[in-house]
Amino acid sequence: MYTLIDGKAVSQSRRNAIATEVANRKAEGLPVPGLAVIIVGNDPASQVYVRNKEKACLEVGFHSELIRLSEETEEATLLSVIDRLNGDPAIHGILVQLPLPKHLSAKTVIAHIDPKKDVDAFHTVNVGKIMLGEDGFSPCTPAGIMTLLSAYGIDPDGKSCVVVGRSNIVGKPMAMLLLHQNATVTIAHSHTKDLAAVTRTADILVVAIGKAKFITEDMVKDGACVIDVGMNRDENGKLCGDVDFERVAPKTSYITPVPGGVGPMTITTLLENTLKAARLS
Ligand code: GUN
């Protein structure tokens, strides 16, 4: 019988601790952590994500500023908004929701954020720190996964870990965090030959590819821990992950559900990063 990794419960207990620290800061007259979220355009999934981020901020007592810009916003306008936030002492974290409309360069925009306020950890300075294992902001989804593993006593040290997906947001930083905890890490992707043979070597399998129910039971080792980062719709429009949960779960020791697994942890790490930025300000 497998154990379901309850991301909602772990997330809630972390958010309670954040709320307590924010209340203590208020009582001591210290600044309340402030997060600014910028969304450009009308991407429906992004709209849901930014609303959830704002709601989470307010629940823990943060100051939250949600800035909505039109699809046609010019680069210079967006950069001037970031300039203003970089200089605003009430704002400790700045997040530009991705993807941006095609005429805007995410690279240019992210480079404009003060690295000390880059709570997404997307700026090259912060990516470099992740690579070097230096203290800094945690990449939100991968660090949330590390928190889940730790909460369930799953130690990556010496384990075979396979990360499927090589994105800058999840796959690459995930591999680094596992490596820093002494795992033997393989990154697999769309060009990997005999993917099933690779994923079957995993004691810990992390999947972040964005393909509904792609990982089937023949691709998973008996007793593996399976972490599903996917957030897709199945053929009936129901939310589902990258893992075919019903078929895979019985083979695992631990598995994350979708929804309620990794998802809540991403925002929790964002809150933790914003609190950290406020502490350091
Ligand atoms: N789009 C999808 N995930 C993320 C994220 O973690 N941060 C930002 N800024 N945009 C995203």
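Analysis parameters
- Residues numbered from 1 in each chain as written.
- Predicted model: local features only at pLDDT ≥ 70, side-chain atom pairs only at ≥ 80, totals over all residues.
- Heavy atoms only, no water.
- Near = heavy atom within 4 Å.
- Polar contact = N/O pair within 3.5 Å; in protein donor to acceptor, adjacent residues only side chain to side chain.
- Areas by Shrake-Rupley, 256 points an atom, 1.4 Å probe, with all protein chains shown as cover.
- Nonpolar A, V, L, I, M, F, W, Y, C, P; charged D, E, K, R; others polar.
- Core = buried A, V, L, I, M, F, W, Y, C linked by side-chain atoms within 4.5 Å.
- Buried < 20%, exposed > 50% of the residue type's maximum accessible area, 1.4 Å probe, protein only.
- Contact = heavy atoms within 4.5 Å.
- Axes fitted to C-alpha atoms, helices over the stretch in contact; angles between N-to-C directions.
- Helix = DSSP H or I, 4+ residues; strand = E, 2+ residues; numbered from the N terminus.

Let us look at the site of the ligand. Around the ligand lies a shell formed by K53, L95, V96, Q97, L98, D120 and F122. The backbone of V96 places a nitrogen or oxygen atom 2.8 Å from a nitrogen atom of the ligand. Between the ligand and the protein, one listed contact pairs a nitrogen atom with a backbone N or O atom of L98 at 2.9 Å. Within the complex, the protein chains bury 81% of what would otherwise be the 280 Å² of accessible surface of the ligand. Of the residues belonging to the shell around the ligand, the class tally is four nonpolar, one polar and two charged.

The next thing to look at is the nonpolar core. Membership of the largest hydrophobic core comes to 45 residues, with the highest contact counts inside it found for F62, I145, L149, L178, V206, I227 and L271. What L271 contacts, discounting residues up to four positions off in sequence, is R15, I18, A56, C57, V60 and F62. Formed by 18 residues, the second largest nonpolar core is a distinct cluster that contains V164, L195, M219 and V226.

The next thing to look at is the packing of helix α5 (residues 124–132) against helix α7 (residues 171–180). Where α5 meets α7, the axes come as close as 8 Å, and the angle between the chain directions of the two elements is 35 degrees. Only P173, M176, L177 and H180 of α7 make contact with α5, whose side of the interface consists of I130, M131 and L132. Split into classes, the residues belonging to the contact of α5 with α7 amount to six nonpolar, one polar and no charged.

For A208, the location among the structural elements is in the loop between β7 (204–207) and β8 (225–228). Once the C-alpha coordinates of A208 and S167 are considered, the two residues, 41 residues apart in sequence, prove to be 8.2 Å apart.

As for its position among the elements, H92 is in the loop between α3 (75–86) and β4 (93–96). With relative accessibility at 4%, the residue H92 sits in the buried group. When near neighbours in sequence (up to four residues on either side) are disregarded, H92 contacts P31, V32, P33, G34, K116, K117, V119, T274, A277, A278 and S281.

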